[in-house]
Amino acid sequence: MVVKKKVIIAFVITGILAISTMIIFSTYKSSEAYRKAKAKTQWECSVVCAEKSTPDSYVITYSDAKILSNTGVLTVQNRNDFDITVHLLCEGKQELVSDSIPAGGCYSFQNVTDKEYTVGIHAEVDENTDIKAFVYDGKDTEPYTR
């Protein structure tokens, strides 16, 4: 009888440890640190807004980062509290423009292989506002959370 209770207690403790380990692993897999670690390549394309857009001027601020995709897909992650539009500029090719990317959202550009791109960002913000964006090589559409 005593041995049976000890076996049951051992199974319960093992089960609790297994469930705890699964919860910790699941939490880590959904974290920003895990997404950053699994992304093949990541570029921070943050910029400072050059000037405020007006009804007569649409201002795009270009990053110094040059990006190249090995997978054919570039995903932009908006790390701001406001919407942005991303422009990919490549010499000799038509500029690629994203839809409006909501705060914390992502947008993937398809078929962008073998060319180096410059990232430009537009946002309806005041001059000198920091605009934060990350670009991943591949499709990573997890929303940004702080």
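Residues numbered from 1 in each chain as written. Predicted model: local features only at pLDDT ≥ 70, side-chain atom pairs only at ≥ 80, totals over all residues. Heavy atoms only, no water.

Q: Looking at this model, I keep getting lost on the packing of aromatic side chains. Mind explaining?
A: Two aromatic rings are characterised by how far apart their centres lie and by the angle between their planes. Throughout the structure, instances matching the rule amount to one aromatic pair. Ring centres 5.0 Å apart and planes at 75 degrees place the aromatic pair Tyr-107 and Phe-109 in the edge-to-face group. A residue is classified by how much of its surface remains accessible, and Phe-109, at 5% relative accessible area, is buried. Directly above the aromatic system of Phe-134 lies the positively charged group of Arg-79, at a separation of 3.7 Å from the ring centroid. (Phe/Tyr/Trp six-rings, centres within 6.5 Å; stacked < 30°, edge-to-face > 60°. Buried < 20%, exposed > 50% of the residue type's maximum accessible area, 1.4 Å probe, protein only. Lys NZ or Arg CZ within 6 Å of the ring centre and 35° of its normal.)

Q: Please clarify how the UniProt feature "transmembrane region" (unreviewed entry) in the protein should be interpreted in this entry.
A: With numbering matched to this structure, UniProt assigns "transmembrane region" (unreviewed entry) to residues 7-28. The span residues 7-28 carries 100% helix and 0% strand; its end-to-end C-alpha distance comes to 32 Å. (UniProt positions renumbered as here; feature names shortened; annotations may be inferred. Helix = DSSP H or I, 4+ residues; strand = E, 2+ residues; numbered from the N terminus.)

Q: What is the right way to look at the pairing of strand 5 (residues 85-89) in this model?
A: Successive residues of a regular strand alternate their side chains across the two faces of the sheet. Counting buried residues along strand 5, four of its five residues qualify, which places the element largely inside the surrounding structure. With two bridges connecting them, strand 5 and strand 6 (residues 96-97) associate as antiparallel partners. Paired with His-87 across the two strands is Val-97, which belongs to strand 6. Hairpin connection of strand 5 to strand 6: six residues between the antiparallel strands, including Gly-92 at a positive phi of 85 degrees. (Pairing = 2+ DSSP bridges.)

Q: I'm lost on the environment of Glu-116 in this one. Help?
A: With respect to the helices and strands, Glu-116 occurs in strand 8 (residues 116-122). In this structure Glu-116 comes out as exposed when scored by relative accessible area, which is 52%. Residues Glu-116 and Ile-67, 49 residues apart in the sequence, show an inter-C-alpha distance of 5.5 Å.

Q: I'm lost on the pattern of salt bridges in this one. Help?
A: Side chains bearing opposite charge may pair, as long as their charged atoms lie close to each other. For the structure shown, the criterion picks out one salt bridge. For Lys-52, the salt bridge is made with Asp-126, and the minimal N-O distance between the two is 3.1 Å. Here Asp-126 lies in the loop between strand 8 and strand 9 (130-131) and Lys-52 lies in the loop between strand 2 (47-48) and strand 3 (61-68), a separation of 74 residues in the sequence. On the basis of relative accessibility, which here comes to 46%, the residue Lys-52 falls in the partly exposed class. Since its relative accessible area comes to 45%, Asp-126 is described here as partly exposed. (Salt bridge = Lys/Arg side-chain N within 4 Å of Asp/Glu carboxyl O.)

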